[in-house]
2 protein chains.
Amino acid sequence: MKHTEMAMLQERIYQILRKAGIVITPEERENIEIADCGFDDIENCGLQVVVYENNDRYCAKELIQLPRQLCPEHRHPWIDDMNIGKQETFRCRWGELYLYVEGEPTPDPKAQVPEKYREYLTVWKEVVLQPGEQYTLPVDTKHWFQAGKDGCVVSEFSSASTDEEDIFTDPRVRRIPKIEPD
Amino acid sequence: MKHTEMAMLQERIYQILRKAGIVITPEERENIEIADCGFDDIENCGLQVVVYENNDRYCAKELIQLPRQLCPEHRHPWIDDMNIGKQETFRCRWGELYLYVEGEPTPDPKAQVPEKYREYLTVWKEVVLQPGEQYTLPVDTKHWFQAGKDGCVVSEFSSASTDEEDIFTDPRVRRIPKIEPD
């Protein structure tokens, strides 16, 4: 992603946070993480994150999704006895989140996924989160999500976060963003 | 505290959350925790909590303080190697929080503390948190806080929370609320 494109996206994300009534500092605003997952198709696929705190015990972030934007399927693996995998809770603050987890597939799910991304989505048990609703994922289980038509803001509370260890079902995904000069 | 008094306070706390733009579920609204710390003087001293998640790895809560309400000084002790004490991050969402921690006392602090509670406040290094600002407390260190004139809403992100183990400087404090029938 080019630097100017990223700056424009950061501004859009900031405006979604404003609509949600969530205040961030000027420094956090400048550092909103934009991850296009390597697809260069941010309107359809990617995620945006403001990390409030991430230490060796707990982590808190705000996830901000554009309308209908997909976060690809992944899991937070059990590495060893010292790192038993990230456990996380999603709490919807604004908008609507369609979360998909392991279990009986939901007939007629609400997600609308472009063909390009569909084949690597293998879990289809739907959890719809409206503002104030939350869901805690078991460790090391597959999940993916998509925002509703207005986008969404979701607070993520978790154990320590190590994004670089996430395992994505789609081998094309590159989780750590690469920003290029203009 | 009497049951009807508690219900009225819960409604006030819910209205502060609404002003802050924070949505909670009807069940959370019914279960807002009101802790008067045993003083039966909730306007001046106590705390109100909505616990979103508390498991053996992490915890997330919303703390809601009435205008100028004091949360008495306490620490989260190191119990043993399995329980090394709660670490916590306060992030102000709405209103203003005056937080006091160990360190060089701040001259002319903003807190206004009734005489009754003053003698058991021993740390006076002031941290003022406006919306979007946060502070992470080291484990097992003393702290206390007071809301500004409008009250405040503060997100608390932390390791697992065990309120019953908190150690208050003031021996009169009873952290776990006792609700009486009307």
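Cut-offs applied
Residues numbered from 1 in each chain as written. Chains lettered and ligands numbered in written order. Predicted model: local features only at pLDDT ≥ 70, side-chain atom pairs only at ≥ 80, totals over all residues. Heavy atoms only, no water. Helix = DSSP H or I, 4+ residues; strand = E, 2+ residues; numbered from the N terminus. Rg over C-alpha atoms; globule rule 2.2 N^0.38 Å. Contact = heavy atoms within 4.5 Å. Areas by Shrake-Rupley, 256 points an atom, 1.4 Å probe, with all protein chains shown as cover. Lys, Arg positive; Asp, Glu negative; His and termini not counted. Charge placed at Lys NZ, Arg CZ, Asp CG, Glu CD. Buried area = accessible area lost by both parts, 1.4 Å probe. Salt bridge = Lys/Arg side-chain N within 4 Å of Asp/Glu carboxyl O. Least-squares fit on C-alpha atoms with pLDDT ≥ 70 in both. Core = buried A, V, L, I, M, F, W, Y, C linked by side-chain atoms within 4.5 Å. Buried < 20%, exposed > 50% of the residue type's maximum accessible area, 1.4 Å probe, protein only. Pairing = 2+ DSSP bridges. Expected span 1.5 Å × (residues − 1). Arc of directions from axis to C-beta. Phe/Tyr/Trp six-rings, centres within 6.5 Å; stacked < 30°, edge-to-face > 60°. Polar contact = N/O pair within 3.5 Å; in protein donor to acceptor, adjacent residues only side chain to side chain.

A.B. asks: What's the story with the overall build of chain A in this structure? I'm lost.
C.D. replies: A tally of regular secondary structure across chain A gives 3 helices and 9 strands. Beginning at the N terminus, the succession of helices and strands in chain A can be written as α-α-β-β-β-β-β-α-β-β-β-β. For chain A, whose C-alpha radius of gyration is 15 Å, the value lies close to the compact-globule estimate of 16 Å for 182 residues. Principal-axis analysis of the C-alpha atoms gives chain A an extent of 40 × 40 × 35 Å. Taking all contacts inside chain A whose residues are at least 6 apart in sequence as the whole, residues at least 24 apart take part in 74%. Put simply, chain A shows about 8,400 Å² of open surface, and 50% of that area lies on carbon and sulfur atoms. Taken together, the 22 basic and 35 acidic charged side chains of chain A have centroids lying 4 Å from each other.

A.B. asks: What's the story with the interface of chain A and chain B in this structure? I'm lost.
C.D. replies: Interfaces are often sized by the accessible area lost when the parts come together. Taken together, the contacts link 31 residues of chain A with 31 residues of chain B. Buried area between chain A and chain B, summed over both chains or domains, comes out near 2,300 Å², and the portion from carbon and sulfur atoms is 47%. Interface area lost by chain A to chain B is led by Arg57(A), Tyr58(A) and Arg93(A), which between them contribute 30%. Taken together, the links from chain A to chain B amount to 4 salt bridges.

A.B. asks: I keep staring at the relation of the copies chain A and chain B and nothing clicks. Help me out?
C.D. replies: What connects the two chain copies is a rotation about an axis and a shift along it. For the pair chain A and chain B, the relating rotation is 180°, the translation along its axis is 0.0 Å, and the fit reaches an RMSD of 0.0 Å. On the angle and the small slide along the axis, the relation comes out as a two-fold axis. Taken together, the interface assignments show that 100% of the residues at the interface of chain A recur at the interface of chain B, consistent with an identical surface on both copies.

A.B. asks: Explanation requested: the nonpolar core in the structure shown.
C.D. replies: In globular proteins that are soluble, nonpolar side chains generally tend to be buried together. Ranked by size, the top nonpolar core spans 44 residues in total, and within it Ile34(A), Val153(A), Ile34(B) and Val153(B) carry the most contacts. The set of elements that each furnish at least two residues to this core consists of α1 (3–19), β2 (47–54), β3 (59–65) and β8 (143–158) of chain A together with α1 (3–19), β2 (47–54), β3 (59–65) and β8 (143–158) of chain B. For Val153(B), the contacting residues outside a window of four places in its chain are Ile16(B), Leu17(B), Ala20(B), Ile22(B), Glu62(B), Leu63(B), Ile64(B), Arg91(B), Cys92(B), Arg93(B) and Trp94(B).

A.B. asks: Any chance you could explain the pairing of strand β4 (residues 70–75) of chain B here in plain terms?
C.D. replies: Each regular strand carries side chains that alternate between the two faces of the sheet. All names here are of chain B. Most of β4 sits inside the fold, with 5 of its 6 residues counted as buried. By the bridge criterion, 3 bridges tie β4 to β8 in an arrangement that is antiparallel. Paired with Cys71 across the strands is Phe145, a residue of β8.

A.B. asks: Which parts of the structure should I look at to understand α1(B)?
C.D. replies: Helical geometry: 3.6 residues make up each α-helical turn, so side chains three or four residues apart lie on a common side. Residue and element names in this part refer to chain B. The end-to-end C-alpha separation of α1 is 25 Å, in line with the 24 Å expected for 17 residues at 1.5 Å each. Within the sequence span of α1, burial applies to Met6, Leu9, Gln10, Ile13, Tyr14, Ile16 and Leu17. Each buried residue of α1 sits inside an arc of 155° when the element is viewed along its axis, so together they form one side. Residues of α1 that are exposed and angled more than 90 degrees away from the buried face: Met8, Arg18 and Lys19. Check the buried side of α1 and you find it contacts α2 (26–30), β1 (33–35), β2, β3, β5 (88–101) and β8. The positive-phi residue at the C-terminal boundary of α1 is Gly21, with phi of around 75°.

A.B. asks: Sorry if this is basic, but what is going on with unusual backbone geometry here?
C.D. replies: Peptide bonds are mostly trans, and most non-glycine residues show a negative phi. All names here are of chain A. The residue Cys37 is not glycine, and still its phi comes out positive at about 60°. The topology assignment puts Cys37 in the loop between β1 (33–35) and β2. The backbone of Asp140 sits at a positive phi, close to 55°, despite the residue not being glycine. Looking at where Asp140 falls in the secondary structure, it is placed in the loop between β7 (134–137) and β8. A relative accessible area of 27% places Asp140 in the partly exposed class.

A.B. asks: I tried to follow the packing of aromatic side chains on my own but got confused; where do I start?
C.D. replies: Where two aromatic rings form a pair, the distance of their centres and the angle of their planes describe that pair. According to the stated counting rule, one finds 13 aromatic pairs over all chains in the structure shown. Plain terms: the ring middles of Tyr52(A) and Phe157(B) are 6.0 Å apart, the flat faces sit at 15° to each other, and that makes the pair stacked. On the criterion of chain membership, the pair formed by Tyr52(A) in strand β2 and Phe157(B) in strand β8 is interchain, its members lying in two chains. Geometrically, the ring pair formed by Tyr100(B) and Trp144(B) is stacked, given 4.1 Å between the ring centres and 15° between the ring planes.

A.B. asks: Whenever I open this one, the environment of Val101(A) confuses me. Can you help?
C.D. replies: Residue and element names in this part refer to chain A. Along the polypeptide, Val101 turns up in strand β5 (residues 88–101). By relative accessible area, which is 4% here, Val101 ends up buried. Separated by 21 residues in the primary sequence, Val101 and Thr122 have C-alpha atoms spaced 9.1 Å apart. Leaving out residues up to four positions away in the same chain, Val101 has contacts with Val123, Trp124, Lys125, Val127, Tyr135, Leu137, Lys142 and His143.

A.B. asks: Any chance you could explain the side chain of Gln10(B) here in plain terms?
C.D. replies: All names here are of chain B. You can see Gln10 is positioned in helix α1. Of note is the side chain of Gln10, whose polar atom sits 3.2 Å from the backbone oxygen of Glu30. If we ignore the near neighbours within four places in the chain, the residues touching Gln10 are Arg29, Glu30, Asn31, Ile32 and Ile34.

A.B. asks: Would you take a moment to explain the pattern of salt bridges for this structure?
C.D. replies: Opposite charge on two side chains permits pairing when their charged atoms draw close. All names here are of chain A. Tallying each qualifying case throughout the model produces 20 salt bridges over all chains. Its salt-bridge partner being Arg75, residue Asp140 comes within 2.8 Å of it at the nearest N-O pair. Pair noted here: Asp140 is in the loop between β7 and β8 and Arg75 is in strand β4 (residues 70–75), with a separation of 65 residues, a long-range link. Measuring nitrogen to oxygen at the nearest pair gives 2.8 Å for the salt bridge that ties Lys86 to Glu88. Both residues of the pair, Lys86 and Glu88, count as buried. One salt-bridge network, held together by shared partners, links Lys86, Glu88 and Glu156.

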